[in-house]
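Here is what each chain is made of, one letter per residue.
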Amino acid sequence: MIKIVFKNGCVVKWKKKEWTDYKYDGKLFIVIKDEEWVGFYNIDSIVSVIVK
């Protein structure tokens, strides 16, 4: 599971079957499914990212 908490209080959760990889490029936190970007979030808006 990936749990992303934003500064505005919103929370996004990705179940393990919904993603295969993730990365951080310095500006974005990117969720990847089979080499395709399925979610990308501006790091300036994020309070925390938890990967289990």
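The preceding data block contains the structure.
As the structure is a prediction and not an experimental result, all values here were calculated from the model.

Draft legend 1. Broad picture of the overall build of the chain. Per the secondary structure count, the chain includes zero helices and six strands. Going residue by residue from the N terminus, the α and β elements of the chain occur as β-β-β-β-β-β. Radius of gyration (C-alpha) of the chain: 10 Å, near the 10 Å computed for a compact globule of 52 residues. Once the C-alpha set of the chain is aligned to its principal axes, its extents read approximately 30 × 20 × 15 Å.

Draft legend 2. Expanded view of the sheet that holds strand E2 (residues 11–14). Pairing is antiparallel across the open sheet formed by three strands, whose spatial order is E2-E1-E6. At either margin of the open sheet sits one strand with a lone partner, and together these are E2 and strand E6 (46–51). Here the average twist between neighbouring strands, direction ignored, is 10°. Where strand E1 (residues 2–6) lies against E6, five bridges are found, and the strand directions are antiparallel. Across the sheet, the residue bridging to Ile2 is Val51, located in E6.

Draft legend 3. Molecular detail of unusual backbone geometry. Its identity as a non-glycine residue notwithstanding, Asp34 has a phi of 50°, on the positive side. You can see Asp34 is positioned in the loop between strand E4 (28–33) and strand E5 (36–42). Looking at Asp34, the relative accessible area reads 58%, which means it is exposed. Despite not being glycine, Glu35 shows a phi value in the positive range, around 70°. Following the sequence through the fold, Glu35 ends up in the loop between E4 and E5.

What counts, and at which threshold
- Residues numbered from 1 in each chain as written.
- Predicted model: local features only at pLDDT ≥ 70, side-chain atom pairs only at ≥ 80, totals over all residues.
- Heavy atoms only, no water.
- Helix = DSSP H or I, 4+ residues; strand = E, 2+ residues; numbered from the N terminus.
- Rg over C-alpha atoms; globule rule 2.2 N^0.38 Å.
- Pairing = 2+ DSSP bridges.
- Axes fitted to C-alpha atoms, helices over the stretch in contact; angles between N-to-C directions.
- Buried < 20%, exposed > 50% of the residue type's maximum accessible area, 1.4 Å probe, protein only.

Spatial relationships are all this shows, so hold off on functional conclusions.
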